[in-house]
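Chain residues, written in single-letter form:
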Amino acid sequence: MSLLNLLPHLLNGIALGLLFSLIALGFMLILGLMEQINLAHGSLFALGAYFAYAICGAKLPLPPDVLVAWAGVPLGLRFATAVVVAPILVAPFGIVLERLMRRTYGRDPLYGLLLTFGVAMVLEELIRVVWGTRDYMMPVPRDMSGGFIMLDLIWSTYRFWAAGMAVVAMGAVWFIVERTRFGAMVKAGAHDSEIVQALGIDLTRLRVWVFVLGTMLAAFAGVIMAPLWGIRPHMGVDAVVPAFLIIVLGGVGSFWGAALGGLLVGMVVGLSGAYASEWSMLSMYLLLIAVVTFRARGLFGKKSVLEA
Amino acid sequence: MLDVSSIDSFYGETQALFSVSLSVRAGEVLALLGANGAGKTTVLRSILGLTRARRGDIRFQGKSITASATHHIACAGIGWVPDDRRLCPTLTVAKNLSLGEKRTAFRAWSLGEVTEIFTPLKYLMAREAETLSGGEMQMVAIARALLGSPGLVLFDEPSQGLAPKIVDDVMAVIRRLRQAGIASIVVEQNADVALGVADRVVVLSQGHVAWAGDVAALTADPGLKRKLLGGLS
Ligand SMILES: Nc1ncnc2c1ncn2[C@@H]1O[C@H](COP(=O)(O)OP(=O)(O)OP(=O)(O)O)[C@@H](O)[C@H]1O
Ligand SMILES: [Mg+2]
């Protein structure tokens, strides 16, 4: 296999990596402000994918005539609706989860881990109850699917779209975190929760909004990822592992750390998939074990979650 | 303006304050003095609701704030300049200041007015807080409190770690706030510095109020002053 042949896999890696970064950024914002690891973050990602499927496939709990009318709407419009609406529909799950997590704030992270692990299990079972255990394929509009030939190589159109939509979302997150007062509040609150309250900022409300943002990012990534990974109840776990890995690699509280870490993990998954597709997920878990064993400091020498 | 009556505060099961009472009138500077570990910081933390008073009552502008959320207490018009300044190190000076901006029932301060008082801030806006000197950090911390439009500012050891010249500047600012009608509580280890700006004094000892009265009464009686503040002045 020549190196040039790897290019489409590289694109695959970039698309995956950017989506992983989005999941990781939400995970990181929550970890920063609540000082708790949200193991249910992957379940929010999975819910995003399932809700998108329900919207795109017109499989919603709505009156039959409405559904028929909706199914008649062009797929492109239904897909676009799913991209926007699915994250909004998942947001309330994040709000409820934040409510449940309140009792763990300021406590040993073990409480949060156990609680969110339980919530992840509940959400995964809920998905099985509602949608069953089978896999679903997300319908993709014709213009976004299929492939084309460039440089004598076959490229998948949707991966370009996925990478593009992820870049737009990353840009939005960068703007929110780095350029708005809300972003400054989140950073200051993660550093020192007492002072932000003493400055008159309602920390309780701030935490809810951070959860909403993190939830919507995870759900958005779930929507975009659905056509790449397929939709299955276990997909949440496959998403939370790279997020955790990225935060170990990139350090907590660093936007660019998460972006670079995401690309790195995406590349590993994408390129190992080039040689043996069955290996791509396994390679991610192996990388996690390797990083935790040999480089818990992360790539940038910042204090990592493992040392917090 | 502020009335603290007989508060008891604890860290876990350890009692730090024993029936502490004090009051601050509008536009007045109160010096809160005492040795290491006397409970001065704890008084400020209790007023802010960061360390809850388990017994007693704290009233600000006639309303009880004993059980209020910290952000409500801040929005009522109480500002805080903590002893370790507590800026967000990775944010710029401008961002640190903007976090403090809010409106209250008291006089609002614009960024322009605040940088008139602390002129060096104009050139520091884009710097990250962690790169500032101690004196510059103190300036940002005070400016941040002012931008929150306070009626009362709680200063915790504002002279700590600063060069004498900068201590003078900080005290001049406290005087200036007083002229603008803003009341202050100034916690100090360095008693003479605080007595120079204060109207009244409360001396704490091991979590109890040891003495309270006018600055003049204390400075007029060197024997009393030595007894209360022994090593502190
Ligand atoms: N976080 C804490 N946990 C437990 N005990 C504390 C805590 N903070 C202060 N204390 C104890 O409470 C008492 C009062 O402390 P406080 O910090 O209010 O004193 P202070 O007068 O401000 O002293 P300093 O001059 O050293 O700042 C001390 O005995 C101190 O050891
Ligand atoms: Mg103190």
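Since we're looking at a predicted model, the values are computed, not measured. (Residues numbered from 1 in each chain as written. Chains lettered and ligands numbered in written order. Predicted model: local features only at pLDDT ≥ 70, side-chain atom pairs only at ≥ 80, totals over all residues. Heavy atoms only, no water.)

Draft legend 1. Summary view of the overall build of chain A. Helix and strand counts for chain A stand at 12 helices and two strands. Its helices and strands taken in sequence order, chain A reads α-α-α-α-α-β-β-α-α-α-α-α-α-α from the N to the C terminus. For chain A, whose C-alpha radius of gyration is 19 Å, the value lies close to the compact-globule estimate of 19 Å for 308 residues. Overall, the C-alpha framework of chain A stretches about 55 × 55 × 35 Å when taken along its three principal axes. When each of the 308 residues of chain A is scored for burial, the buried share is 55%. Pairs at least 24 apart in sequence give 76% of the contacts found in chain A among residues at least 6 apart. For chain A, the exposed area adds up to about 13600 Å²; of that, 69% sits on carbon and sulfur atoms. Counting 20 positive and 16 negative side-chain charges, chain A places the averaged centre of each group 3 Å from the other. (Helix = DSSP H or I, 4+ residues; strand = E, 2+ residues; numbered from the N terminus. Rg over C-alpha atoms; globule rule 2.2 N^0.38 Å. Buried < 20%, exposed > 50% of the residue type's maximum accessible area, 1.4 Å probe, protein only. Contact = heavy atoms within 4.5 Å. Areas by Shrake-Rupley, 256 points an atom, 1.4 Å probe, with all protein chains shown as cover. Lys, Arg positive; Asp, Glu negative; His and termini not counted. Charge placed at Lys NZ, Arg CZ, Asp CG, Glu CD.)

Draft legend 2. Spatial organisation of the layout of surface pockets. Residue and element names in this part refer to chain A. When its volume is computed, the second largest pocket comes out at roughly 330 Å³. Taken together, 18 residues form the lining of the second largest pocket, with Leu39, Phe117, Val237, Val240 and Val241 sitting closest to its centre. Of the residues forming the lining of the second largest pocket, the biggest block, six residues, is contributed by helix α5 (residues 109–131). The residue makeup of the lining of the second largest pocket, split by class, is 14 nonpolar, three polar and one charged. (1 Å grid on protein atoms, 1.4 Å probe; cavity = no way out; pocket = protein on both sides within 12 Å on 5 of 7 lines; lining within 4 Å. Points joined across faces, edges and corners; volume = space filled by probe spheres on them. Nonpolar A, V, L, I, M, F, W, Y, C, P; charged D, E, K, R; others polar.)

Draft legend 3. The arrangement of helix α7 (residues 181–191) of chain A in detail. Along α7(A), the residues that are buried comprise A:Gly183, A:Ala184, A:Met185, A:Val186, A:Ala188 and A:Gly189. In the core, the buried residues of α7(A) are packed alongside α1 (7–34), α6 (157–179), α8 (193–198) and α9 (203–229) of chain A together with α3 (93–100) of chain B.

Draft legend 4. Spotlight on the site of ligand 1. All names here are of chain B. Around ligand 1, the neighbouring residues are Tyr11, Ala16, Ala35, Asn36, Gly37, Ala38, Gly39, Lys40, Thr41, Thr42, Glu157 and Gln189. Side-chain polar atom of Asn36 to an oxygen atom of ligand 1: 3.0 Å apart, as the coordinates give it. Residue Gln189 places a side-chain N or O atom 2.5 Å away from an oxygen atom belonging to ligand 1. The element contributing the most residues to the shell around ligand 1 is helix α1 (residues 40–47), with three residues. Partitioning the shell around ligand 1 into residue classes produces four nonpolar, six polar and two charged. (Near = heavy atom within 4 Å. Polar contact = N/O pair within 3.5 Å; in protein donor to acceptor, adjacent residues only side chain to side chain.)

Draft legend 5. A look at the nonpolar core. Judged by nonpolar contacts, the single largest core of 137 residues is most densely connected at A:Phe20, A:Leu22, B:Leu2, B:Leu22, B:Ile78, B:Leu152 and B:Ile185. Residue contacts for B:Leu2: discarding those within four places in its chain leaves B:Leu22, B:Ser23, B:Val24, B:Ile47, B:Ile58, B:Arg59, B:Phe60, B:Ile78, B:Leu152 and B:Ile185. Formed by 49 residues, the second largest nonpolar core is a distinct cluster that contains B:Leu121, B:Ile174, B:Ala194 and B:Leu228. (Core = buried A, V, L, I, M, F, W, Y, C linked by side-chain atoms within 4.5 Å.)

Draft legend 6. Structural view of the pattern of salt bridges. A complete count under the given rule lists 18 salt bridges over all chains for this structure. For A:Glu194, the salt bridge identified is with B:Arg86, shortest N-O distance 3.0 Å. Residue A:Glu194 is found in helix α8, and its partner B:Arg86 is found in the loop between β6 (78–81) and α3; the two belong to separate chains. Judged on exposure class, the residue A:Glu194 and its partner B:Arg86 are both buried. For B:Asp169, the salt bridge goes to B:Lys165, with nearest N and O atoms at 2.8 Å. (Salt bridge = Lys/Arg side-chain N within 4 Å of Asp/Glu carboxyl O.)

Draft legend 7. Spotlight on a nonpolar patch on the surface. All names here are of chain A. Taken together, the side chains of Trp279, Leu282, Leu286 and Ile289 present a nonpolar region at the surface, about 400 Å² in accessible area. Here Trp279 is to be found in helix α12 (residues 279–294). Judged by its relative accessible area of 45%, Trp279 falls in the partly exposed class. (Patch = residues over 30% accessible without salt bridge, like charges linked within 9 Å, V, L, I, M, F, W, Y side chains within 5 Å.)

Draft legend 8. Here's a closer look at the sheet that holds strand β1 (residues 2–11) of chain B. All names here are of chain B. Read across the sheet, four strands follow the order β2-β1-β4-β5 without closing on themselves; strand pairing throughout is antiparallel. Single-partner strands in this sheet number two, and they are β2 (14–24) and β5 (63–64). Packed on one face of the sheet, α1 meets β1, β2 and β4 (53–60) and runs near 110 degrees to β1. (Pairing = 2+ DSSP bridges. Axes fitted to C-alpha atoms, helices over the stretch in contact; angles between N-to-C directions.)

Draft legend 9. Just the interface of chain B and chain A, in detail. Counting residues at the interface gives 21 residues for chain B and 17 residues for chain A. Interface area for chain B against chain A, summed over the two sides, is near 1700 Å², with a carbon-plus-sulfur share of 61%. Among the residues chain B hides against chain A, the three largest losses belong to B:His71, B:Arg86 and B:Leu99. Together they make up 35% of the total. Counting across the interface, chain B meets chain A through three salt bridges. Elements supplying a minimum of two residues to the side of chain B that touches chain A: α2 (70–76), β6 and α3 of chain B. Its residues placed into classes, the side of chain B that touches chain A shows 11 nonpolar, four polar and six charged. (Buried area = accessible area lost by both parts, 1.4 Å probe.)

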